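Residues per chain, in single letters:
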Amino acid sequence: MTIPTQDELETVVFTIEDGIAWVSFNRPEKRNCMSPKLNRQMMRVLDELEFREDVGVLVLAGEGSAWSAGMDLHEYFRENEAKGLGAIRQAQRESYGWWRRLRWYQKPTIAMVHGWCFGGAYGPLFGCDLAFAAEEAQFGLSEINWGILPGGGATKIAVELLNFRNAMYHAMMGENVDGKKAAEWGLVNEAVPLVQLKERVSEVAKVLLQKNPVALKATKDAIRRVGEMTFDNAEDYLVRAQEAANSFDNDGRKEGIKQFLDDKTYKPGLGSYNKSKGGR
Ligand code: COA
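Here we come to the layout of surface pockets. Of the pockets and cavities examined, the largest pocket occupies roughly 850 Å³. Contributing to the lining of the largest pocket are 32 residues, with Arg103, Phe126, Cys128, Glu160 and Arg224 lying nearest its centre. Of all the secondary-structure elements, those providing two or more residues to the lining of the largest pocket are α4 (85-103), α5 (122-127), β7 (130-134), α7 (154-161) and α11 (213-226). By residue class, the composition of the lining of the largest pocket is 16 nonpolar, seven polar and nine charged. Both domains that meet at the lining of the largest pocket, namely domain 1 (6-209) and domain 2 (213-277), each give it at least three residues.

Given below as structure tokens:
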């Protein structure tokens, strides 16, 4: 294994505050486009944060004016194409690898998109469980503008998140949509003015921090899995997933039932049980 250079380590920055890991793409001068170095470093950061006790939610943000301008046309495409198929495939494994890792991450994840979000950046956008955008953000499948199809899963993501007509228009026309339209189309959960974005994301993250972490992981996986299943398969999967979650270090569930049925201190239909009183 090669030891990463300092400039590779600096492609991603993070801080941890009150249970929230704020992770940022950190190539602002290149609009946070994803180079092989950034892709490798992001995987290292995800590894480092995934099972830390002091991290309950991960937010993916970007330094500078962009969230991410997609794949690095120079370092990801041109340089690897010059090296040959082996290098191309390795770079694909590195980028697709961390996006997949994000899709199945142990902790809940939120994309906080304040600026440009293009092409390959739809990979981590979809990788995050929730996504919030600034109304001013710009989203685009710009691939058609420079002569390729939206690869790296971007076409699949467009079809997963948008309706047929919008997906087709978005991919064929190469026009950008702002955060408001992205929310209307379902690319993100919600758009708010840029000045309110971090506050809104913090608010959502804090709610997630109050939930049972075992149930959250089971829930986010279930939402991603059942879409591809028949109804009967989904029903069966969900029975098994719940049974697994019940037996997996999940005292919080018993505490949640107790606080509702015995203590009568909360109603699950109206909010969460008090985690500080027991369970996890
Ligand atoms: N790949 C490689 N370099 C990129 C890049 C990308 N995807 N996106 C931005 N950069 C580089 C620029 O080449 C420029 O480098 P330089 O300073 O060495 O000349 C630097 O980042 C700043 O970009 P610039 O275009 O000057 O910034 P801008 O704020 O005027 O415009 C964008 C921002 C995002 C609109 C514009 O950079 C752009 O169109 N990028 C490509 C987006 C894209 O199609 N991505 C899809 C890839 S799958």
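What follows concerns the environment of Trp67. If you trace the backbone, Trp67 turns up in strand β4 (residues 66-68). The exposure class of Trp67 is buried, given its relative accessible area of 0%. Taking the C-alpha atoms as reference points, Trp67 and Arg31, separated by 36 residues in sequence, lie 7.5 Å from one another. One polar contact links the side chain of Trp67 to the main-chain carbonyl oxygen of Met112, over a distance of 3.3 Å.

Before going further, it helps to examine the packing of aromatic side chains. This model, assessed by the stated rule, comprises nine aromatic pairs. Between Tyr76 and Phe77 the ring centres are 5.0 Å apart and the planes differ by 80 degrees, which places this aromatic pair in the edge-to-face class. Considered together, Tyr76 and Phe77 belong to a single accessibility category, that of buried residues. An aromatic cluster is built from Phe25, Trp67, Tyr96, Trp98 and Trp99, whose rings are joined through pairwise contacts. The aromatic ring of Trp22 is capped on one face by Lys198, whose charged end is 4.5 Å from the ring centroid. Sitting above the plane of the Phe126 ring, Arg224 keeps its charged end 5.0 Å from the centroid.

The subject of this paragraph is the site of the ligand. Contacts to the ligand come from 13 residues, most closely from Lys30, Ala69, Met71, Leu73 and Ser142. In this structure, an oxygen atom belonging to the ligand sits 2.6 Å away from a side-chain N or O atom of Lys30. One of the side-chain nitrogen or oxygen atoms of Ser142 is found 2.6 Å away from an oxygen atom of the ligand. Protein chains shield 59% of the accessible area of the ligand, which is 860 Å² for the free molecule.

Another aspect to go through is the sheet that holds strand β5 (residues 109-113). What the six strands build is an open sheet, ordered β1-β2-β3-β5-β7-β10; its pairing is mixed. Both outer strands of the open sheet, β1 (12-17) and β10 (190-192), are each paired with one neighbouring strand and no more. Here the average twist between neighbouring strands, direction ignored, is 20 degrees. The sheet contact formed by β5 and β7 spans four bridges and is parallel. Within the sheet, the bridge partner assigned to Val113 lies in β7 and is Ala133.

About the thresholds
- Residues numbered from 1 in each chain as written.
- Predicted model: local features only at pLDDT ≥ 70, side-chain atom pairs only at ≥ 80, totals over all residues.
- Heavy atoms only, no water.
- 1 Å grid on protein atoms, 1.4 Å probe; cavity = no way out; pocket = protein on both sides within 12 Å on 5 of 7 lines; lining within 4 Å.
- Points joined across faces, edges and corners; volume = space filled by probe spheres on them.
- Helix = DSSP H or I, 4+ residues; strand = E, 2+ residues; numbered from the N terminus.
- Nonpolar A, V, L, I, M, F, W, Y, C, P; charged D, E, K, R; others polar.
- Domains from an automatic or database assignment.
- Buried < 20%, exposed > 50% of the residue type's maximum accessible area, 1.4 Å probe, protein only.
- Polar contact = N/O pair within 3.5 Å; in protein donor to acceptor, adjacent residues only side chain to side chain.
- Phe/Tyr/Trp six-rings, centres within 6.5 Å; stacked < 30°, edge-to-face > 60°.
- Lys NZ or Arg CZ within 6 Å of the ring centre and 35° of its normal.
- Near = heavy atom within 4 Å.
- Areas by Shrake-Rupley, 256 points an atom, 1.4 Å probe, with all protein chains shown as cover.
- Pairing = 2+ DSSP bridges.
- Axes fitted to C-alpha atoms, helices over the stretch in contact; angles between N-to-C directions.

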